[in-house]
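Each chain, letter by letter, is given below.
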Amino acid sequence: MENSFIRYLTAKRTVDDRALNRTVWQELVQSVRSLQKTQQPLRVLELGAGAGTMVERLLAWELFDAQAVHYTLLDADPALLDAARTRLSTLPQWLQPSFVVADAVEYAKQENILPHDLLIANAVLDLLDLPTALPALRRLVRSGGLFYFTINFDGATLLEPAIDPVLDAAIENAYHRTMDERVLAGHPSGDSRTGRHLFTQLPAAGFTIQAAGSSDWVVFSQDGTYVADEAYFLHFIVHTMQSALHQHAELPAHAFASWIAARHAQIDEGKLVYIARQLDFYGIVTPQKP
């Protein structure tokens, strides 16, 4: 099977559509509509923008009034932004996109950054070290501006039907530990309980939470068929677990290989159910302390 991250991101579109918390979303919509009455153009920055599916969603779900919006897509992977340019080649004229290749935290540390009115991060914060990343990201949005941080993983990866309950639990726990122990460029990068930790980490960094709610991924087949490209999404998730754990000392190699093969087979047969626990947050950025 091919393992294309771009295809995974686009296959994830329908999964995220179902998952995003509608109460949190409605709070965002009301505030953005109110803000657009006085703030033109509206300056929006999306971190980890990937292939551009969030922009498509915001337009389809009518977040913005048809007034000038400067929308910056930021991602560290230029190939993803190239894909986004292609996907977003026919945007309405009032939405003006720009594409920035950069690491979000390093970008936030730059001098003379013009703060934005709305900061978006979808399935991004659980890849960062919150205590160091959030204060930096605070610089990217003006005081009184808005934030919308969604699909933040929170400690549960559930796959049904069970293969071996003991092995299933060992694999889940080991997989989560790889998130907690991840190090990139010598720095911590990730947290398997990001969702719950944001309730304290966001206010500590100057983000006032106005709404929060669950945004679990729930993927299952109907009559043995997954909707859209969600079978590929599931195969990619299983492949990600395999890549993270293929040399894990606590997992018997043969048993783990058989487990991975069985999960792929369950997807092919339309039998696998996948659930990941996550949380969404919306709020206002408080003034920075002098």
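Below or above, wherever it landed, is the structure these notes cover. (Residues numbered from 1 in each chain as written. Predicted model: local features only at pLDDT ≥ 70, side-chain atom pairs only at ≥ 80, totals over all residues. Heavy atoms only, no water.)

### Some remarks on the pattern of salt bridges
The full count for this structure, using the stated rule, is 15 salt bridges. Measuring nitrogen to oxygen at the nearest pair gives 3.3 Å for the salt bridge that ties R13 to E56. Placement of the pair is R13 in helix α1 (residues 5-19) and E56 in helix α3 (residues 53-60), with a sequence separation of 43 residues. One salt bridge in this structure joins D17 and R57, with 2.6 Å as the shortest N-O distance. Separated by 40 residues along the polypeptide, D17 in helix α1 and R57 in helix α3 bring together distant segments of the chain. D17 sits in the buried class, given a relative accessible area of 16%. The exposure class of R57 is buried, given its relative accessible area of 1%. When salt bridges with common partners are traced through the structure, they connect R13, D17, E56, R57 and R87 into a single cluster. (Salt bridge = Lys/Arg side-chain N within 4 Å of Asp/Glu carboxyl O. Helix = DSSP H or I, 4+ residues; strand = E, 2+ residues; numbered from the N terminus. Buried < 20%, exposed > 50% of the residue type's maximum accessible area, 1.4 Å probe, protein only.)

### Thoughts on α1
The terminal C-alpha atoms of α1 lie 20 Å apart, and with 15 residues this matches the ideal 21 Å at 1.5 Å per residue to within 8%. In α1, a bend of some 35° at R13 exceeds every other bend along the element. Every buried residue belonging to α1 is among Y8, L9, A11, K12, R13, V15, D16, D17 and A19, and all of these are buried. (Expected span 1.5 Å × (residues − 1). Bend = angle between axes of the 7 residues up to and from the residue.)

### Some points on the pairing of strand β5 (residues 141-160)
Among the 20 residues of β5, 15 are classified as buried, and the element is accordingly described as predominantly covered. Here six bridges tie strand β4 (residues 116-122) to β5, and the two strands are oriented parallel to one another. Across the sheet, L118 pairs through a bridge with L146, a residue of β5. The handedness of the β4 to β5 crossover, carried by helix α6 (residues 130-137), is right-handed. (Pairing = 2+ DSSP bridges. Right-handed = clockwise from strand over helix to strand, strands pointing away.)

### Brief notes about the packing of aromatic side chains
A full pass over the atoms with the stated rule returns 16 aromatic pairs. One cation-aromatic arrangement involves R57 over W61; the distance from NZ or CZ to the ring centre is 5.9 Å. (Phe/Tyr/Trp six-rings, centres within 6.5 Å; stacked < 30°, edge-to-face > 60°. Lys NZ or Arg CZ within 6 Å of the ring centre and 35° of its normal.)

### Describing the environment of E62
Relative to the helices and strands, E62 resides in the loop between α3 and β2 (69-75). Distance in space between the C-alpha atoms of E62 and S258 is 46 Å, their sequence separation being 196 residues.

### Regarding the packing of helix α7 (residues 165-180) against helix α9 (residues 230-245)
Between α7 and α9, the least distance of the axes is 10 Å, while the angle of their chain directions is 75°. The orientation of α7 relative to α9 falls into the category roughly perpendicular. Two secondary-structure elements touch here, α7 through I171, A174, Y175 and T178 and α9 through T240, M241, A244 and L245. When its residues are assigned to classes, the contact of α7 with α9 shows six nonpolar, two polar and no charged. (Axes fitted to C-alpha atoms, helices over the stretch in contact; angles between N-to-C directions. Parallel < 35°, antiparallel > 145°, perpendicular 65-115°, else oblique. Contact = heavy atoms within 4.5 Å. Nonpolar A, V, L, I, M, F, W, Y, C, P; charged D, E, K, R; others polar.)

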